[in-house]
Amino acid sequence: MEKIVPIEEKLLTKLPAAEMAARLMIYPPRRRLDLILDRADAEAVVAAMPEQDFYLSVKELGEQSAAPLLALARPEQLNHLLDLDCWRRDELVAGRVLAQLEEIAVA
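All of these numbers come straight from a predicted model, not from anything done at the bench.

## A short note on the pattern of salt bridges
- For the coordinates displayed, the defined rule picks out 7 salt bridges.
- Here Arg 31 makes a salt bridge to Glu 9, at a shortest N to O gap of 2.4 Å. Highlighted residues: Arg 31 in helix α3 (residues 29-37) and Glu 9 in helix α1 (residues 7-14), separated in sequence by 22 residues. Judged on exposure class, the residue Arg 31 and its partner Glu 9 are both buried.
- Taken together, the shared-partner salt bridges connect Glu 51, Arg 74 and Glu 76 into one network.

Here it is, written out as structure tokens:
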């Protein structure tokens with residue numbers, strides 16, 4: 001039996017990577033991830049995501065569930081993630097940096 005997919009999602013999957021990335025945030029986090037991973041050009045879609053959308057997607061999914069996103073991320077997206085999560089005022093939180101780097105390495 002064929003899975004029923006809303007027409008908006010069918011159209012979304014046919015868009016170029018950058019256009020798809022610009023429209024992803026209207027979907028719930030898990031669906032967003034599935035839409036990305038269902039594409040042959042998933043890396044291009046993730047690369048086209050603005051850093052703040054990438055960050056929010058990782059946070060909404062949880063770092064373990066977001067491992068595929070972390071594996072496909074651009075260095076700038078990973079830097080943004082580390083910048084927002086690992087600094088408290090002007091102090092680097094070393095334990096948080098190590099935890100984040102472990103998550104990225106596992107991905």
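The rest of the description comes next.
## Details of helix α7 (residues 75-86)
- Given a rise of 1.5 Å per residue, 12 residues ought to cover 16 Å, and the 16 Å separating the end C-alpha atoms of α7 matches this to within 8%.
- Residues of α7 that are buried include every one of Gln 77, Leu 78, Leu 81, Leu 82, Asp 85 and Cys 86, and no others. End-on, the buried residues of α7 take up no more than an arc of 135°, which puts them together on one face.
- If you follow the buried residues of α7, they end up packed against α4 (42-48), α5 (51-61), α6 (67-72), β1 (87-88), β2 (91-92) and α8 (94-106).

## A few points about the nonpolar core
- Residues Leu 24, Ile 36, Phe 54 and Leu 69 are the most contacted members of the largest nonpolar core, which totals 26 residues.
- Elements with a contribution of two residues or more to this core: α2 (17-23), α3, α4, α5, α6 and α7.
- Setting aside anything within four residues of it in sequence, one finds Ile 36 in contact with Met 20, Leu 24, Ala 42, Val 45, Val 46, Met 49 and Leu 69.

What counts as what
- Residues numbered from 1 in each chain as written.
- Predicted model: local features only at pLDDT ≥ 70, side-chain atom pairs only at ≥ 80, totals over all residues.
- Heavy atoms only, no water.
- Salt bridge = Lys/Arg side-chain N within 4 Å of Asp/Glu carboxyl O.
- Helix = DSSP H or I, 4+ residues; strand = E, 2+ residues; numbered from the N terminus.
- Buried < 20%, exposed > 50% of the residue type's maximum accessible area, 1.4 Å probe, protein only.
- Expected span 1.5 Å × (residues − 1).
- Arc of directions from axis to C-beta.
- Contact = heavy atoms within 4.5 Å.
- Core = buried A, V, L, I, M, F, W, Y, C linked by side-chain atoms within 4.5 Å.

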